Amino acid sequence: MRVNFTVNGVEQTADDVWEGESLLYVLRERVGLPGSKNACEQGECGSCTVYLDGTPVCACLVAAGQAEGREVRTVEGLADGERLDPIQEAFVECGAVQCGFCTPGLLVQAHDLIERVPEPSDPEIREALAGNLCRCTGYEKILDAVRLAAARKAEAGR
Amino acid sequence: MTMTPAKVPRELDSPLDGGVGESRRRPDGTLKVTGEFAYSSDLWLEGMLWGVTLRSPHPRARIRSIDVSEALAHPGVEAVLTHEDVPGFKFYGLEHKDQPVLAIDQVRYQGEPVALVAADHPEVARRAAAKIKVDYEVLTPITDARRAAFDPDCEKVHEDGNVVRHQPVIFGGDVAEARAGADVIVSETFEVGIQDQAFLGPESGLAVPGEDGGVDLYVATQWMHSDLWQIAPCLGLPEEKVRMTMAGVGGAFGGREDLSMQIHAAMLAMRTGKPVKIVYNREESFFGHVHRHPARMRYEYGATRDGKLVFAEAEIILDGGAYASSTPNVVGNAASLGVGPYKIPSIRVDAYGVYTNNPPCGAMRGFGAVQACFAYESMMDRMAAALGLDPVTFRQINAAHPGDALATGQVLEHMAPLAEMLGRLKAMPMPPERDAAGHDLRELPGGVSNTTHGEGVRRGVGYGVGIKNICFSEGFDDYSTARVRLSIIGGEPTVLVHTSAAEVGQGLVTLKAQIARSELGVRRVTIAPADNQVGSAGSSSASRQSYMTGGAVKVACEAVRERMFKLFEERLGRPPASLAEAVEHLPEVLGDEVIDETREFHHHRTERMDPVTGQANSHTQLAICVHRAVVDVDVELGLVKVVELAAVQDVGKIMNPLSLEGQIHGGTAQGLGLALMEEIVVADGKVRNPSFTDYLIPTILDMPPMRLDILEYADPRAPYGLRGAGEPPTLSSTPAIVAAIRDASGLALTRVPVRPEHIAGSS
Ligand code: FES
Ligand code: FES
């Protein structure tokens, strides 16, 4: 089958897609955007989190066909050209990135959180990121990064 | 023309300032947050095939026949391979070459690779693999490690017997005599379940056939040269025809020390003449790498009434599963560190590594020291309770100090005194009491499942101490190689650092740049991708890379600096007044010339353990971390919420505060996982939970805030005085958490992970 959708503002067409293929597979293997990660392909780890029409979803749980005509935003679409999004900047600055395999999914999820909740409390951050596994950091630096990005965003909005 | 994947590991520019001791940004940080970093599962080449592995569903069986004809006829399939197609030597392994590349006539564990398929789509390959007909004669698996080790009637997993290694440690006076003189004796049997590394980036890579009959491999591994030394003979190729490049590694924790898909992908690429990519899914990953050895440990301690330990006796049985992997060295660690950093006049430890038909076990962060640590720390608490002493005081009374000998006779040197570390830990502020009213549900055991509003919840506090060897032990000539090149690019002195060391997430790329900047005084430092065009760096394991590859980069920089000073003197007729002056004049002094130096760094020699007494200076360096855990336990439902973890660790020298804290946090989290949730459940040799649905690792909701106190007692033999830091916190957090649960619940809890039914009494 053929799937037409928009990724990071660019219209994409994927041909010869099998009905069993996930959005994650199509992104990674057919449209050349392997930024979203494949750590479980079962909806358990959050590494594949992308925006689908503005809502974070696990791309591994979305059938490719379901993306037809819709808008997807991935980690590759968070930065504004060369300028990193504040959440990306904060992750690097705070040491929230080790191996970085969890990072793309966490960035999308955290980006969504601070869009929705201007200055999230620690329990709110923990709850929002509970579906994103990280094996390296023990999450302390990830909390630091989300707090920092949220504070900077609030500061900029003031 | 050689084909290069669309996405390849590239040179990393490091930020323009920041030497040793500073928290610098990771040179690969921007690539990782923009999704541009090329992990091993991201590689892609036009026309590449997908490889799939057919694995045994049985833990033990004879293979009567394999029929691949139907699979081969499946449209889209380009190759189906079995052991008969292995071009060279058919076995590999880290220490014993006991593992077949593909099963030959029998399988010894569930998930053992039997055949390979390459096809144009992964799903095509999977469906074709399902059409391979393997005729198995199923046998009863050998699953009881104790029986496998000691029952002479037990069948053998391999012809040469079931005990991979038995290492005794006999120290001081006779244990039987000491027992007679003890006022109090306690004994217990402990168990540790199988823990998985659960790195997030699955085993994966790309093999590209070369025109010279060789192969280019892009893989994620911990030690490229060890891979190479195993791969080349199996492919029947000279080492120079196996060109390896490190692709991005999505975590490792020991799980990438053994080979997984490397030889398989290369075989398929060489057979088809096309690039072949293999990516395991999560389920396959649980079968695709070795795990932490499960352990059964019987301990007995005696002490005098005033709190002095007089003897310790331990039997540690580590189930290595079907193949040896690194079992021999895991046994060495469990034996030599079997009673921890305590001064005990009479010690007898017997550690065994055993073959069974259970999942193969090998390296995981903490490497044999983790299992023993849970047992000896539980014993310390048990004995303290029997004596009516505070657990911290009891540990302080018996703590080994610098100058004291461990069980192997090796004397502790140049490190923080344990008693003082414990004092600092105990003095750290406690988290606030849970207030009875108005608490956030999310902070209670059970969380938003709303299982309690505080009723049945009790708080507990526990302590844990862990000692880990840093670098390879037991006489191994451990070394790393670094190449450092200095040239003028665009008018600016630029340093390129090139090693084959694996960046697995720990931040070695940052550290290499910091060292180069400190040693050479230049701003611009670039890190070359890791490949085998430079000598071995050894493994990214045993907390050794800061010490070893850090050391290699340092000595290579020193050689470059010497050359730089010499050139300065030749051209300007006098030596430079300072490094800064030499660097300032570099553009004119160096011109178009390049200084390029490669150096090896070896740590001081260690000794093999005596096979009878275990006595030896077997370890390069030792490192201690101590943890305090505060937990809330719902004793009715058996649910645990870790409220806070505090740690004191001696790291010799803080090289990069941010990365260091990240290592301690991450190591602590894996220890929490082992204490509370992580276990590969095996029944009759079969894994019951190979998924992240059923094998749980800590989420951000499970992890508490962590308080750190980092000490710097320099080790004069190590570069910058540093001490490896990644593993010790993985040891000590587990027993601290279990001790805290015991404190809250009053239960004995002799097994990890502690499950709700162990606390609520429903098992
Ligand atoms: S890969 Fe989608 S949730 Fe894990
Ligand atoms: S940084 Fe490695 S999994 Fe999160």
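As the structure is a computational prediction, the values presented were derived from the model and not from experiment.

Is there a simple way to think about the overall build of chain A in this case?
When helices and strands are counted, chain A shows five helices and five strands. Each helix and strand of chain A, ordered N terminal to C terminal, gives the series β-β-α-β-β-β-α-α-α-α. Against the compact-globule benchmark of 15 Å for 158 residues, chain A has a radius of gyration of 15 Å, which places it among compact chains. Over its C-alpha atoms, taken along the principal directions, chain A stretches across nearly 45 × 30 × 25 Å. Considering chain A as a whole, with its 158 residues, one finds that 61% of them fall into the buried category. Looking at chain A alone, contacts between residues at least 24 apart form 56% of all its contacts between residues at least 6 apart. Surface accessibility of chain A: about 6000 Å² in total, with carbon and sulfur atoms responsible for 44%. Looking at charge distribution, chain A has the averaged site of its 15 positive side-chain charges lying 4 Å from that of its 26 negative ones.

In this structure, what is going on with the side chain of S40 of chain B? I would like to understand it.
Along the chain, S40 of chain B falls in the loop between α1 (29-34) and β2 (49-55). Filtering out sequence-adjacent residues up to four positions away, S40 of chain B remains in contact with P202, S204, G205, V219, A220, A247 and G248 of chain B.

Would you mind going over the domain arrangement of chain A with me for this structure?
All names here are of chain A. One can read the domain layout of chain A as domain 1 (3-77) and domain 2 (86-157). Contacts between the two partners involve 16 residues from domain 1, matched on the other side by 14 residues from domain 2. When the area that domain 1 buries against domain 2 is broken down by residue, the three leading residues are T49, Y51 and V75, summing to 39%. Across the contact surface, domain 1 and domain 2 share zero salt bridges.

Before we go on, may I ask you to explain unusual backbone geometry in this structure?
Most peptide bonds take the trans form, and the phi angle of most residues other than glycine is negative. Residues and elements named next belong to chain B. V752 connects to P753 through a cis peptide bond whose omega is -5°. The topology assignment puts P753 in the loop between β31 (751-752) and α19 (756-760). Here A198, not a glycine, exhibits a phi torsion of approximately 45°, which is positive. Along the polypeptide, A198 turns up in the loop between β11 (184-192) and β12 (204-209). Taking the relative accessible area as the measure of exposure, A198 reaches 0% and is therefore buried. Unlike most non-glycine residues, Y720 shows phi in positive territory, near 60°.

Could you clarify how one ought to interpret the UniProt feature "domain: Aldehyde oxidase/xanthine dehydrogenase a/b hammerhead" (unreviewed entry) in chain B in this entry?
Following the UniProt record, the feature "domain: Aldehyde oxidase/xanthine dehydrogenase a/b hammerhead" (unreviewed entry) maps to residues 34-140 of chain B here. The span residues 34-140 of chain B carries 14% helix and 36% strand; its end-to-end C-alpha distance comes to 51 Å.

Looking at this model, I keep getting lost on the pairing of β12 of chain B. Mind explaining?
On any regular strand, side chains alternate: one points to one face of the sheet, the next to the other face. Residue and element names in this part refer to chain B. The buried count for β12 comes to six of six residues, which makes it a mostly enclosed element. On β12, burial covers both faces: S204, L206 and V208 on one face and G205, A207 and P209 on the other are all buried. Examined bridge by bridge, β12 and strand β15 (residues 276-279) share four bridges and lie antiparallel to one another. The residue bridging A207 from the neighbouring strand is V276, located in β15. When β12 meets strand β13 (residues 215-219), the two strands line up antiparallel, connected through five bridges. Paired with V208 across the two strands is D216, which belongs to β13.

Is there a simple way to explain the interface of chain B and chain A in this structure?
Accessible area lost upon the coming together of the parts is a frequently used measure of interface size. With 66 residues of chain B at the interface, the matching set in chain A holds 51 residues. Here chain B meets chain A over a buried area of about 4600 Å², counting both sides, of which 59% is carbon and sulfur. Looking only at chain B, the three residues that lose the most surface to chain A are V33, L200 and I700 of chain B, adding up to 18% of its buried area. Summed over the shared surface of chain B and chain A, the result is seven salt bridges. The shortest N-O distance in the salt bridge between E678 of chain B and R135 of chain A comes to 2.7 Å.

Before we go on, may I ask you to explain the packing of helix α3 (residues 103-116) of chain A against helix α5 (residues 140-157) of chain A in this structure?
Relative orientation and spacing of two packed helices are given, respectively, by the angle between their axes and the distance between those axes. Residues and elements named next belong to chain A. Their axes nearest at 10 Å, the elements α3 and α5 cross at an angle of 40°. For the element pair α3 / α5, the angle class is oblique. Here the hand of the crossing between α3 and α5 comes out right-handed. Across from L106, A110, L113, I114 and E115 in α3, the residues of α5 making contact are I142, V146, A149, A150 and K153.

What am I meant to see in helix α14 (residues 545-572) of chain B here?
Residues that lie three or four places apart on an α-helix share one face, since the helix turns once every 3.6 residues. Given a rise of 1.5 Å per residue, 28 residues ought to cover 40 Å, and the 38 Å separating the end C-alpha atoms of α14 of chain B matches this to within 8%. Once α14 of chain B ends, the next one or two residues include G573 of chain B, with phi positive near 75°.

Quick question: what am I supposed to make of the nonpolar core here?
Nonpolar side chains tend to gather and get buried jointly when the protein is soluble and globular. F91 and V146 of chain A together with Y299, Y301 and I737 of chain B are the most contacted members of the largest nonpolar core, which totals 188 residues. Sorting elements by how many residues they give to this core places helix α10 (residues 369-387) of chain B first, with twelve residues. Those residues within four positions of Y301 of chain B in sequence are excluded, and the remaining contacts are V184, I185, V186, L309, F311, A312, E313, V339, Y376, M379, M380 and M383 of chain B.

Sorry, what's going on with the domain arrangement of chain B here?
Residue and element names in this part refer to chain B. One can read the domain layout of chain B as domain 1 (9-37 + 479-602), domain 2 (40-139 + 202-249 + 256-288) and domain 3 (416-471 + 617-760). When each unit is reduced to the centre of its C-alpha atoms, the spacing between domain 1 and domain 3 is 36 Å. In this assembly, 20 residues from domain 1 lie in contact with 24 residues from domain 3. Interface area, domain 1 with domain 3, both sides summed: about 1600 Å², of which 61% is carbon and sulfur. One can count zero salt bridges joining domain 1 with domain 3. Summed over the shared surface of domain 1 and domain 3, the result is eight residue pairs in polar contact (both at pLDDT 80 or more).

I would appreciate a short explanation of the sheet that holds strand β1 (residues 3-7) of chain A in the present structure.
In a beta sheet, neighbouring strands pair by backbone hydrogen bonds and run either parallel or antiparallel. All names here are of chain A. Across the sheet, which stays open at both edges, the five strands sit in the order β2-β1-β5-β3-β4 with mixed pairing between neighbours. Of all the strands in the sheet, just β2 (10-14) and β4 (55-58) have a single pairing partner and so form its edges. Mean inter-strand twist for the sheet, computed between neighbouring axes without regard to direction, equals 40°. Sheet analysis places strand β3 (residues 49-52) next to strand β5 (residues 71-73), joined by two bridges and oriented antiparallel.

Is there a simple way to explain the pattern of salt bridges in this structure?
Where charged atoms from two side chains of opposite charge come close, those side chains can pair. On inspection of all chains with the given rule, the structure shows 66 salt bridges over all chains. As a salt-bridge pair, E21 of chain A and R30 of chain A come within 2.7 Å of each other at their nearest N and O atoms. You can call E21 of chain A buried: its relative accessible area is 5%. A residue is classified by how much of its surface remains accessible, and R30 of chain A, at 29% relative accessible area, is partly exposed. For the salt bridge of R271 of chain B with D85 of chain B, the shortest nitrogen-to-oxygen distance reads 2.7 Å. Of this pair, R271 of chain B sits in helix α7 (residues 262-272) while D85 of chain B sits in the loop between β4 (77-81) and β5 (91-92), placing them 186 residues apart in sequence.

What should I look at first to understand the side chain of S733 of chain B in this one?
Residues and elements named next belong to chain B. One can find S733 in helix α18 (residues 728-745). The buried category is assigned to S733, whose relative accessible area is 0%. Setting aside chain neighbours within four positions, we find S733 in contact with H627, G667, T668, G671 and L672.

What counts and what doesn't
Residues numbered from 1 in each chain as written. Chains lettered and ligands numbered in written order. Predicted model: local features only at pLDDT ≥ 70, side-chain atom pairs only at ≥ 80, totals over all residues. Heavy atoms only, no water. Helix = DSSP H or I, 4+ residues; strand = E, 2+ residues; numbered from the N terminus. Rg over C-alpha atoms; globule rule 2.2 N^0.38 Å. Buried < 20%, exposed > 50% of the residue type's maximum accessible area, 1.4 Å probe, protein only. Contact = heavy atoms within 4.5 Å. Areas by Shrake-Rupley, 256 points an atom, 1.4 Å probe, with all protein chains shown as cover. Lys, Arg positive; Asp, Glu negative; His and termini not counted. Charge placed at Lys NZ, Arg CZ, Asp CG, Glu CD. Domains from an automatic or database assignment. Buried area = accessible area lost by both parts, 1.4 Å probe. Salt bridge = Lys/Arg side-chain N within 4 Å of Asp/Glu carboxyl O. UniProt positions renumbered as here; feature names shortened; annotations may be inferred. Pairing = 2+ DSSP bridges. Axes fitted to C-alpha atoms, helices over the stretch in contact; angles between N-to-C directions. Parallel < 35°, antiparallel > 145°, perpendicular 65-115°, else oblique. Left-handed = near helix turned anticlockwise from the far one by under 90°. Expected span 1.5 Å × (residues − 1). Core = buried A, V, L, I, M, F, W, Y, C linked by side-chain atoms within 4.5 Å. Polar contact = N/O pair within 3.5 Å; in protein donor to acceptor, adjacent residues only side chain to side chain.

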